[in-house]
Amino acid sequence: MITLTHLLSEQPKVERLSIQSHDMCMYLVELIQAGNTDLLAGDDGRPLVFRSIEHIKQQLAGLQVASAVLVQHSPYHEMIGLADDPVPPMEIAIVWPC
């Protein structure tokens, strides 16, 4: 994990920023930089939970991000009684602020 404070002070080049959507109201941020994947955490070491994509954009607006995506996991198959086979999440490219 990487803390928000460390990330903003170091200002690394982020290869990919992945916003993981959970239950349509909780968002976690995963970053890939220099080939390493890290989950964004608070200073207490616990994963940071955001309540909107806009809030994430505001907090991380100064970062150089090569690509950003929203990853949406859907329980649809489970909800309608289909097999428990893994269903790949939907990924949507998002515009990152400059």
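Rules of the game
Residues numbered from 1 in each chain as written. Predicted model: local features only at pLDDT ≥ 70, side-chain atom pairs only at ≥ 80, totals over all residues. Heavy atoms only, no water. Helix = DSSP H or I, 4+ residues; strand = E, 2+ residues; numbered from the N terminus. Buried < 20%, exposed > 50% of the residue type's maximum accessible area, 1.4 Å probe, protein only. Contact = heavy atoms within 4.5 Å. Areas by Shrake-Rupley, 256 points an atom, 1.4 Å probe, with all protein chains shown as cover. Core = buried A, V, L, I, M, F, W, Y, C linked by side-chain atoms within 4.5 Å. Polar contact = N/O pair within 3.5 Å; in protein donor to acceptor, adjacent residues only side chain to side chain. Pairing = 2+ DSSP bridges. Axes fitted to C-alpha atoms, helices over the stretch in contact; angles between N-to-C directions. Lys, Arg positive; Asp, Glu negative; His and termini not counted. Salt bridge = Lys/Arg side-chain N within 4 Å of Asp/Glu carboxyl O.

Turning to the overall build of the chain, a few remarks are in order. On a plain count of helices and strands, the chain comes out with three helices and six strands. What you see in the chain, going N to C, is helices and strands ordered as β-α-β-β-β-α-β-α-β. Classification of the 98 residues of the chain by burial places 29% in the buried group. Taking contacts inside the chain between residues at least 6 apart in sequence as the whole, the part at least 24 apart equals 57%. Accessible surface for the chain amounts to roughly 6300 Å². Of this, 55% is attributable to carbon and sulfur atoms.

A few words now on the nonpolar core. By size, the foremost hydrophobic cluster in this structure holds 18 residues, and its most contacted members are Leu17, Val29, Leu31, Leu40, Ile56 and Leu60. If you list the elements that add at least two residues to this core, you get helix H1 (4-10), strand E2 (13-22), strand E3 (26-33), helix H2 (53-60) and strand E5 (64-72). If sequence neighbours within four positions are ignored, leucine 17 has contacts with Val29, Glu30, Leu31, Leu60, Val65, Ser67, Ala68, Val69 and Trp96.

With respect to the helices, strands and loops of the structure, glutamine 20 is situated in strand E2. Within the local environment of glutamine 20, its side chain forms a polar contact with the side chain of serine 18, the two groups lying 2.7 Å apart.

Looking now at the sheet that holds strand E1 (residues 2-3). One open sheet holds the six strands; their spatial order is E1-E4-E3-E2-E5-E6, and the pairing between them is mixed. Edge strands, defined here as strands with exactly one partner in the open sheet, are E1 and strand E6 (90-93). Pairing between E2 and E3: seven bridges, direction antiparallel. Within E3, the position partnered with serine 21 by the bridge is tyrosine 27. In this fold H2 packs onto E2, E3, strand E4 (36-41) and E5, with an angle of close to 40° to the strand it touches most, E3.

A separate point is unusual backbone geometry. In the Ramachandran plot, alanine 34 falls in the positive-phi region, its phi being about 50° despite a non-glycine side chain. Of note, alanine 34 is situated in the loop between E3 and E4.

Residue placement: aspartate 38 occurs in strand E4. Comment: no salt bridge for buried aspartate 38; closest opposite-charge side chain is arginine 16, at 13 Å. What aspartate 38 contacts, discounting residues up to four positions off in sequence, is Met1, Ile2, Val29, Glu30, Leu31 and Gln33.

Turning our attention to the pattern of salt bridges. The final tally for this structure, using the stated rule, is one salt bridge. One salt bridge in this structure joins arginine 16 and glutamate 91, with 2.9 Å as the shortest N-O distance. Of this pair, arginine 16 sits in strand E2 while glutamate 91 sits in strand E6, placing them 75 residues apart in sequence. Classification of glutamate 91 as partly exposed rests on a relative accessible area of 46%.

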